[in-house]
Structure formats: structure tokens, C-alpha cells
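One letter stands for each residue in the lines below.
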Amino acid sequence: MESFGVEGESETLKAIFLPFISPSHLVPVVDIARIFAMHGVDVTIITTPANAAVFQGSIDRDASRGRSIRTHLVKLPQVPGLPEGVETINASTPMDIALKVSEALNLLEPQFRQIFHQLNPDFIVSDMFYPWSVDAAAELGIPRVIYVGGTYFAHCAMDSLERFEPHKKVDSEDESFLIPGLPYNLEMTRSQIPERFKTPTEFSYIMKKVKESEKKSYGSLFKSFYAFEGPYEELYRTIVGTKSWNVGPVSSWVNQDVSDKRSRGHGKEEEEGNGKAGWLAWLDSKKKGSVVYVCFGSMNNFPDTQLVEIAHGLEDCGHDFLWVVGKINEGEGRAFLEEFGKRVEASNKGCLIWGWAPQLLILDHPAVGGVMTHCGMNTVIETVDAGLPMVTWPLFAEQFFNERLLVDVLKIAVPIGAKKWKSWSDFGDEIMERGKIGDAIALLMGEGEECEEMRRRVKALSQEAKKAIQIGGSSYNSLKDVIQEMKSFKLEKLNPKDEKPLA
Ligand code: UDP
């Protein structure tokens, strides 16, 4: 792999990466850190032991490939009520425990700052949820680059909501309104936008701090690619007023090896409770493009009533399916799913994955023809990269905005018809009925001209995704650009000519 140098530079560029502790932030930030190491940067990732266990195998493989990359462990402080060993926020984390994890993480700030001093990096890449790190970097006289989760598209839309408040000008939750100032006329309803835009919440305060630190950062890193949302990338730069680099798709750039793909986000190489790659033998037995892959990310917990509707929707839809049910606690829902799993495995119509699925391997499998997703940004990019159309079922965070990009702008997805934004810890009362699930899958997997068009469009985007990370591609050039800027910054710090502001 190529190292990106600048004239007069001799020493290696040293970076610290500080990922957040939920899977959908941890996984892409570690991928980005590994991409930097792949291109000659000396990388240290700071995290806690349980989070490191999720990706250490890939770091060890990278080190054995000759890359200069390692993990620096910090112990999460004990706070009353936080069970020993709980260091992450995911679908199985109850809200009260998630708050304790955040409290413990906040206590680590002085230790993180101390490690920054000790390791003496040339720049820091930190997750958006560490707004203090912009000042910590400034104290060291080095740039802080912020990792911003989500799409440029969603960030531009949310900025417009904050600025123009179009949602306050409609009379009801289900009346649609136009989000102004975007390259595409984007319509949504008030019930689909995050709660914080309607009533101030604790999260509004956190996001205010994030936004302030984003503007003070040297620049931002995103994980999509130019052909996916180029006009919004440009608009974002104007809105925030800093530099920004889009360096995706990050998952396929750095996880080229089957071992990396299989263990990504989990550490263990097999999903739990499903035998040795039962899903793989099952997929191998299926025809090309015949299977719907159904997964709702790392943060979602459906109530039992919804699980029952999904099960029937899949069983009746006329297509084979691979469904990641995740970790389901003992109870009626689990008992129902166990019965359901036995039935569909006996009829050879479906396969269930209990626990964590090796999503990158599944998306690569030729038998998979379409994906039902909650529109989490990582899954969206991974699916586009794999060239697969989607059924969109947004639930929380910025997922309803992502749906509009996929359905209205890029026209590579079929909307299931979700109407209500939810908080990840509270599913609310909207239950998607089995008929709607089946109808959306029929459109996704159908043979009509419209379905074929959708498939052609997503295949073309997938080609663009592959080009973006090749030499001379848009993401490749962005990476080269950010590394060279960091090197120039370092050189100027070593041989100061004039004062240069950090942002
Ligand atoms: N993922 C996975 N296996 C699972 C669930 C999730 O590999 O069983 C990965 C998926 O590939 C993606 C990330 O976890 O990279 C989930 O992020 P996303 O933004 O899609 O959703 P979130 O977890 O934030 O809801």
C-alpha cells in the first residue's frame, strides 16, 4: 500500500484514534484508523478492554502485515450500579446502564488527556461524542479531526431543520413539509424527525456541544463516497465551514481478508448459538439473488408483537430469508422465535442468526438479492457497496433522513412505510404489519421493469464505490489529502515560519 508523503518530511506521522463505545461508532472508526495505518501512518487506538476485544484480532493481523498500529487500553472506572465488564452501549444495554456507562466514560477524560500528552501524536481523530477533545488537541498544538457518524445528507437536513424550523409551521404530526435549502426537494412529516427538534432533551444539549466542537475542529471524516452524496458533501462544508474528507466505503477498503470480514464488530469468528456457520451452508444451497437479508443493526430491540409480525411477513412473502434476530432474552418472544426458526429451517425457507452476524460476508454472498434494513448508515453503505437494493424501515437516530436519500434521491430502495421516529430505548406504539412487510419485499425482489431499474442503479453505485477507493478515486484522493495536510501541519510545527491557526 502506498504511503502519502510530503516534500521535506522524514519522520512517520503519528495519530491517536479515540472511538466511541457503541458498535456502530466503534466499528467504522477502527476501520478508518486501520486505513490510515495501511497508508503509512503510525496509529494508536485508545479504548477499554471489552471494546478492544471486538477488533483486536484485526489489529494483530494488520501488525503482522507490517502496519504500525496498536491498541492502548484504559480501564473503565467503576461507578455505582455499573456491572463489572459492561463497557458498551448496544441493543442489550438497558437505559439506566447506558447512562452509567456514559458517566464512567466521562470520568476518563483526564486520563485520555494524559495519554494524549504521553503519546505525543501529530493529530487526533476522535468521535463526535468527545467534544472536549478539540480543546485537548489545541492545548497540544495539534489538529483534531472529528469523526461524524451518519450521512452528509442527514447532517444537511438536520441543519436546515435547526435553521428554518419548517416542522413548526405544520398543523399536525403527519402533515408533510419541505426541508429548505437542500439540492433536492426533501419532504418529511413531523412524526419522522428526531424528538430533539421538537422538544429540548438531554440529547439536544449533547448535540449542541458536538456541533460546537465540530466547527472548532480542523476537519471532519465521513465514511461514504462522493458518488453517493456528493452535492451534500459540498453543502456540508459550506454549512460547517471546515474541511471534510469522505473516505468510504471504509469496510471494504480495509477488510479485504475473510478473517477480518468474519470477525468485524464481534471479535469471535462465529455468531453465537447458530452452529458453525449454519447460515453459510444454507446460503450456499440457495439460488443467486434469491435471498432477502434482514438485519436491524446493533441498537434495536423490537417488542414481541413486532417480532411476530416480522416472522409472519417473512414466512408468507414468497422469498427465502436470512434474519438476524440478535440476542433475545428468555420469554414469550424468544419461545415463539425458536418455534418459528425450527419451522422455517425444516421447510428450508429461512435461516435465523441469534447474536451477531458476520454482515460483510453475508452481503458478499451471491445468494443474497436484497436487504431489509433500519437504514443505519454503516449498513446502508455496506449494502450499496455490495450492490444490493433495500427495503427501508427507519427506526431512530438519523435513519428517516437516510431513507429519503435512498428512496427519493438515489431510487435504490423500497420504503416499508414507517411513520414514527422512535428513541432507541423506547419502541413506541407503531407496529409494522406482516402485509406491509410482505408487500415491500415483493417490490424489492420482483421482476418488473421498475425493480430491474432499481437493481441497475444500485449496481452502478456499487461500481462507483469500488472506484472511489482505488488509486485516483475520490475517497483515495481524500485520504491522501488529509494525510498530506496532517504532514504539512507537522512540518510547520517542527519548522515554524508563520503562526498558523488550528482551524
Ligand atoms: N453489524 C454486524 N452484525 C450484526 C449487526 C450489525 O456486522 O449482527 C454491523 C454492521 O455491518 C454495521 C454495524 O454493525 O457495520 C451497525 O451499524 P449501523 O449504522 O448499520 O446500525 P446501528 O447499529 O447504528 O443501528
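Rules used in this analysis
Residues numbered from 1 in each chain as written. Predicted model: local features only at pLDDT ≥ 70, side-chain atom pairs only at ≥ 80, totals over all residues. Heavy atoms only, no water. UniProt positions renumbered as here; feature names shortened; annotations may be inferred. Core = buried A, V, L, I, M, F, W, Y, C linked by side-chain atoms within 4.5 Å. Buried < 20%, exposed > 50% of the residue type's maximum accessible area, 1.4 Å probe, protein only. Helix = DSSP H or I, 4+ residues; strand = E, 2+ residues; numbered from the N terminus. Contact = heavy atoms within 4.5 Å. Pairing = 2+ DSSP bridges. Axes fitted to C-alpha atoms, helices over the stretch in contact; angles between N-to-C directions. Near = heavy atom within 4 Å. Polar contact = N/O pair within 3.5 Å; in protein donor to acceptor, adjacent residues only side chain to side chain. Areas by Shrake-Rupley, 256 points an atom, 1.4 Å probe, with all protein chains shown as cover. Nonpolar A, V, L, I, M, F, W, Y, C, P; charged D, E, K, R; others polar. Parallel < 35°, antiparallel > 145°, perpendicular 65-115°, else oblique. Left-handed = near helix turned anticlockwise from the far one by under 90°. Patch = residues over 30% accessible without salt bridge, like charges linked within 9 Å, V, L, I, M, F, W, Y side chains within 5 Å. Salt bridge = Lys/Arg side-chain N within 4 Å of Asp/Glu carboxyl O.

Named according to an unreviewed UniProt entry, the chain is Glycosyltransferase originating from Sphenostylis stenocarpa. UniProt, in the comment section headed Sequence similarities (unreviewed entry), describes the chain in these words: "Belongs to the UDP-glycosyltransferase family."

Caption draft 1: Structural detail: the nonpolar core. Counting residues in hydrophobic clusters, the biggest one holds 125 residues, and the most contacted among them are Phe 228, Tyr 293, Leu 322, Trp 323, Trp 393 and Phe 401. Ranked by the residues each element gives to this core, the list is headed by helix α6 (residues 152-164), at seven residues. Leave out the neighbours within four places in its chain, and Tyr 293 touches Leu 322, Val 324, Ala 357, Gln 359, Ile 362, Leu 363, Val 368, Gly 370, Val 371 and Met 372. Core analysis: the next-biggest nonpolar cluster, separate from the first, contains 38 residues, Leu 26, Val 29, Phe 55 and Val 247 among them.

Caption draft 2: Highlighting the sheet that holds strand β5 (residues 144-147). The parallel open sheet is built from seven strands, whose spatial order is β3-β2-β1-β4-β5-β8-β9. In the strand order of this sheet, the two ends are held by β3 (69-73) and β9 (243-246), each with one partner. The average angle at which neighbouring strand axes cross in this sheet is 25°, direction not considered. Sheet analysis places strand β8 (residues 219-222) next to β9, joined by four bridges and oriented parallel. Considered in β9, the bridge of Gly 219 is made with Lys 243. Each of β4 (123-127), β5 and β9 touches helix α19 (residues 474-494); the most contacted strand, β9, lies at about 135° to it.

Caption draft 3: Just the site of the ligand, in detail. Surveying the vicinity of the ligand reveals 16 residues, the closest of which are Ser 24, Ser 298, Ala 357, Thr 379 and Glu 382. In this structure, Asn 378 approaches the ligand through a side-chain N or O atom, which is 2.9 Å from an oxygen atom. In isolation the ligand has 530 Å² of accessible area, and contact with the protein removes 96% of it. Counting residues per element, the shell around the ligand draws most heavily on helix α15 (residues 377-385), at four residues. Partitioned by chemical class, the residues of the shell around the ligand number six nonpolar, eight polar and two charged.

Caption draft 4: Expanded view of the packing of helix α12 (residues 304-316) against helix α17 (residues 434-445). For the pair α12 and α17, interaxial distance at closest approach is 8 Å and the crossing angle is 40°. Here α12 lies oblique to α17, going by the angle between them. Two packed elements cross with a definite hand, and for α12 against α17 that hand is right-handed. Residue-level inspection shows Gln 306, Val 308, Glu 309, Ile 310, His 312, Gly 313 and Leu 314 of α12 in contact with α17, the latter providing Arg 434, Ile 437, Gly 438 and Ile 441. Considering only residue class, the contact of α12 with α17 consists of five nonpolar, four polar and two charged.

Caption draft 5: Structural detail: the sheet that holds strand β14 (residues 390-392). Here six strands make up an open sheet; going across it, the order is β12-β11-β10-β13-β14-β15 and the pairing parallel. The two strands at the open ends of the sheet, each matched to only one other strand, are β12 (350-353) and β15 (413-415). Averaged over all pairs of adjacent strands, the angle between their axes in this sheet comes to 20°, without regard to strand direction. With four bridges connecting them, strand β10 (residues 291-295) and strand β11 (residues 320-324) associate as parallel partners.

Caption draft 6: The arrangement of a nonpolar patch on the surface in detail. On the surface, Phe 203, Tyr 205 and Ile 206 cluster together into a nonpolar patch covering about 290 Å² of accessible area. You can see Tyr 205 is positioned in helix α7 (residues 202-216).

Caption draft 7: Broad picture of the pattern of salt bridges. Counting across every chain of the model gives 41 salt bridges. Residues Arg 264 and Asp 31 are paired through a salt bridge, measuring 2.9 Å at the closest nitrogen-oxygen approach. Residue Arg 264 is located in the loop between α10 (258-263) and α11 (278-284), and its partner Asp 31 is located in helix α1 (residues 23-38); the two are separated by 233 residues in the primary sequence. For Arg 264, a relative accessible area of 13% translates into the label buried. Residue classification places Asp 31 among the buried residues on the basis of a relative accessible area of 3%. If you follow the salt bridges from partner to partner, you end up with Asp 31, Arg 34, Arg 61, Asp 62, Arg 65, Arg 67, Asp 257, Asp 260, Arg 264 and Glu 382 in one network.

Caption draft 8: Examining the environment of Gly 473 more closely. For Gly 473, the location among the structural elements is in the loop between α18 (449-468) and α19. Sequence spacing of Gly 473 and Phe 225 is 248 residues, and the spatial spacing of their C-alpha atoms is 9.5 Å. Apart from the residues within four sequence positions on either side, Gly 473 is in contact with Lys 467 and Ala 468.

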